[in-house]
Amino acid sequence: MRVRTVLSALAVLAVTGLGLSATTPAVAVSAEAPRHVSAVQAADGLDVHRGKYVTLGGCQTAGQQGIERGHWDRYQCAQGSFFLWNLWTNR
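Keep in mind that what you see is a predicted model, and the values were worked out from it rather than measured. (Residues numbered from 1 in each chain as written. Predicted model: local features only at pLDDT ≥ 70, side-chain atom pairs only at ≥ 80, totals over all residues. Heavy atoms only, no water.)

Novice: I'm lost on helix 3 (residues 56-68) in this one. Help?
Specialist: At 3.6 residues per turn, the α-helix brings residues three or four places apart onto the same side. When the terminal C-alpha atoms of helix 3 are compared, their 18 Å separation across 13 residues agrees well with the 18 Å that a helix rising 1.5 Å per residue should span. Within helix 3, the full set of buried residues consists of Leu 56, Cys 59, Ala 62, Gly 63, Gly 66 and Ile 67. Down the axis of helix 3, the smallest arc covering the buried residues is 140°, so these residues share one side. (Helix = DSSP H or I, 4+ residues; strand = E, 2+ residues; numbered from the N terminus. Expected span 1.5 Å × (residues − 1). Buried < 20%, exposed > 50% of the residue type's maximum accessible area, 1.4 Å probe, protein only. Arc of directions from axis to C-beta.)

Novice: For this particular structure, what's the right way to read the nonpolar core?
Specialist: Note that soluble globular proteins tend to have their nonpolar side chains buried in a common cluster. Of all hydrophobic cores here, the largest spans nine residues; its members are Leu 56, Cys 59, Ala 62, Ile 67, Trp 72, Tyr 75, Cys 77, Trp 85 and Leu 87. Counting residues per element, the ones that place at least two in this core are helix 3, strand 3 (74-79) and strand 4 (85-89). The element contributing the most residues to this core is helix 3, with four residues. (Core = buried A, V, L, I, M, F, W, Y, C linked by side-chain atoms within 4.5 Å.)

Novice: Would you mind showing me how to read the pairing of strand 3 here?
Specialist: A regular strand places its side chains so that they alternate between the two faces of the sheet. Of all six residues in strand 3, five are buried; the element is thus mostly enclosed. Bridge analysis of strand 3 against strand 4 gives five bridges, and the strand direction is antiparallel. Note that in strand 4 the partner of Gln 76 across the bridge is Trp 88. Remark: five residues form the turn of the hairpin made by strand 3 and strand 4, two consecutive strands paired antiparallel; Phe 82 in that turn has positive phi of roughly 55°. (Pairing = 2+ DSSP bridges.)

Novice: Is there a simple way to explain the pattern of salt bridges in this structure?
Specialist: Side-chain pairing between opposite charges can occur once the charged atoms of the two side chains come close. In this structure the tally under the stated criterion is one salt bridge. In this structure, Arg 91 and Asp 73 form a salt bridge, with 2.8 Å as the shortest nitrogen-oxygen distance. Of this pair, Arg 91 sits in the segment after strand 4 while Asp 73 sits in the loop between helix 3 and strand 3, placing them 18 residues apart in sequence. Since its relative accessible area comes to 29%, Asp 73 is described here as partly exposed. (Salt bridge = Lys/Arg side-chain N within 4 Å of Asp/Glu carboxyl O.)

Novice: Looking at this structure, I do not really get the environment of Gly 57. What am I missing?
Specialist: Looking at the secondary structure, you find Gly 57 in helix 3. In sequence terms Gly 57 and Trp 85 are 28 residues apart; their C-alpha atoms lie 9.4 Å from each other.

Pasting the structure below:
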């Protein structure tokens, strides 16, 4: 019974991991910044690492909350190792 549960959990992780590996990094820009900024331009000033998140949604939520609170102007969620997402900000 436990083996079946463990195998099911591993299958879910494998499917989730395959889905995440095909996604591109998410980039958000504050309302004051121009909307035409590309991901390459946004990555230039994003040199402060703010943490690792298990889901892309969690990383994006944390990044957006930081913008709303005035802690940074831009953020990027980049996929790291072991299916973790890294939050990078400009300050």
